[in-house]
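One-letter residues, chain by chain:
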Amino acid sequence: MIEFVRNVRLWFAPEEIREEGGTPDYRFSLANERTFLAWLRTALALIGGGFAVDQFLPDLRWGWRVGLALALLGAGVLCALRAVNHWVRCERAMRRGEDLPVSRFPAALGVVVAVVAIAMVALVLLGWEG
């Protein structure tokens, strides 16, 4: 818990990361930043998908429409938060010469997206009103 609080603090004060360990090869830091940006693009796509489901499928039953939209919006929010936390954790690990952190988040996100996609396929095949 203390480590998580420290990571959250570093989200807003990344210059403090420089106090830990040595400076890694700049290419690794830039690769870490590109990965961060890729996660943010994924978050934006999920949020956009959530709004699209809500706005462009008005004939879909309210419960289904809201449920699918909220699942995508929630995944987008979690993805954005995970992006910044993972960036900090990786940067700290590189500076300390440690192994990069592992995460179950990509698998969980993949499952959420797959479940939403399966629900959408079922709705298309069965009809939106059904």
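Residues numbered from 1 in each chain as written. Predicted model: local features only at pLDDT ≥ 70, side-chain atom pairs only at ≥ 80, totals over all residues. Heavy atoms only, no water.

Our working definition: UniProt positions are given in the numbering used here, feature names are shortened, and annotations may be inferred rather than shown by experiment.
Per an unreviewed UniProt entry, the chain is named YidH family protein, and its organism is Streptomyces heilongjiangensis. Database annotation for the chain, UniProt heading Subcellular location (unreviewed entry): "Cell membrane".

Here we look at the nonpolar core
Put simply, the test is: Here, nonpolar core means buried Ala, Val, Leu, Ile, Met, Phe, Trp, Tyr and Cys residues that are tied together by side-chain atoms lying within 4.5 Å of each other. Any residue under 20% of the maximum accessible area for its type is buried, any over 50% is exposed, and the rest in between are partly exposed; the area is computed with a 1.4 Å probe on protein chains only. Helix and strand assignments come from DSSP, with helices taken as H or I runs of at least 4 residues and strands as E runs of at least 2, each series counted from the N terminus. Contacts are residue-level and defined by heavy atoms, with any inter-residue pair within 4.5 Å sufficient.
In this structure, Trp39, Leu46, Val53, Leu68, Cys79, Val88 and Leu109 are the most contacted members of the largest nonpolar core, which totals 24 residues. For this core, the secondary-structure elements that each account for two or more residues are helix H1 (2-11), helix H2 (26-56), helix H3 (62-96) and helix H4 (105-126). Take this core: its biggest share by element is 9 residues, from H3. Ignoring any residue separated from it by four or fewer positions in sequence, one finds Val88 in contact with Asn7, Leu10, Trp11 and Ile17.

Description of the packing of aromatic side chains
Each aromatic ring pair is described using two quantities: the centre-to-centre distance and the angle formed by the ring planes. Under the convention used in this document: Ring geometry is summarised as follows: Phe, Tyr and Trp rings, the Trp one being its six-membered ring, pair when their centres sit within 6.5 Å, and such pairs are stacked at plane angles under 30 degrees, edge-to-face over 60 and tilted between the two. Two thresholds decide whether a charge sits over a ring: the Lys NZ or Arg CZ must be within 6 Å of the ring centre and within 35 degrees of the ring normal.
Evaluated as defined, the whole model comprises 2 aromatic pairs. When the centroid spacing of 6.3 Å and the interplanar angle of 50° are considered together, the rings of Trp11 and Phe12 count as tilted. Between the NZ or CZ atom of Arg82 and the centre of the ring of Trp39, over which it lies, the distance is 4.4 Å.

Here we look at H2
For the record, the criterion: By this rule the span expected of a helix is its residue count minus one, scaled by 1.5 Å.
Taking 1.5 Å of rise per residue, the 31 residues of H2 would be expected to cover 45 Å, and the 44 Å separating its terminal C-alpha atoms lies within 8% of that figure. Along H2, the residues that are buried comprise Ser29, Asn32, Phe36, Trp39, Ala43, Leu46, Gly50 and Val53. Against the buried residues of H2 lie H3 and H4.

As for the side chain of Arg82
Just so we agree on the cut-off: In this count, Lys and Arg are taken as positive residues and Asp and Glu as negative ones, while His and the chain termini are left out. For this analysis, a salt bridge means a side-chain nitrogen from Lys or Arg found within 4 Å of a carboxyl oxygen belonging to Asp or Glu.
Positionally, Arg82 belongs in helix H3. Although Arg82 is buried, it forms no salt bridge, and the closest oppositely charged side chain is Glu91 at an N-O distance of 13 Å.

Structural notes on the packing of H2 against H3
To keep things clear, this is the line we draw: Note on method: axes are straight lines fitted to C-alpha atoms, helices fitted across the in-contact stretch only, with angles between N-to-C directions ranging 0 to 180 degrees. An angle counts as roughly parallel when it lies under 35 degrees, as roughly antiparallel when it exceeds 145, as roughly perpendicular when it falls between 65 and 115, and as oblique in every other case.
Orientation of H2 relative to H3, taken along the N-to-C sense of each, is 170°, at an axis distance of 7 Å. Regarding the angle of H2 to H3, the classification is roughly antiparallel.

Observations concerning the UniProt feature "transmembrane region" (unreviewed entry) in the chain
Here, the residues flagged by UniProt with the feature "transmembrane region" (unreviewed entry) are residues 36-56, 62-84 and 105-128. For the annotated span residues 36-56, helix accounts for 100% and strand for 0% of the residues, and the straight-line distance between the end C-alpha atoms is 30 Å. In residues 62-84, helix accounts for 100% and strand for 0%; the two terminal C-alpha atoms are 33 Å from one another.

Brief notes about the environment of Gly127
For Gly127, the position within the fold is in the segment after H4. Considered as a pair, Gly127 and Asp59 are 68 residues apart in the sequence and their alpha carbons are 9.9 Å apart.

Looking at the pattern of salt bridges
This structure, assessed with the given rule, holds 8 salt bridges. A salt bridge links Glu16 to Arg9, with the nearest nitrogen and oxygen atoms 2.6 Å apart. Owing to a relative accessible area of 22%, Glu16 belongs among the partly exposed residues under this scheme. Since its relative accessible area comes to 45%, Arg9 is described here as partly exposed. Two residues, Arg27 and Asp25, come together in a salt bridge whose shortest N-O distance is 2.4 Å. For Arg27, a relative accessible area of 52% puts it in the exposed group. Residue classification places Asp25 among the partly exposed positions, given a relative accessible area of 25%.

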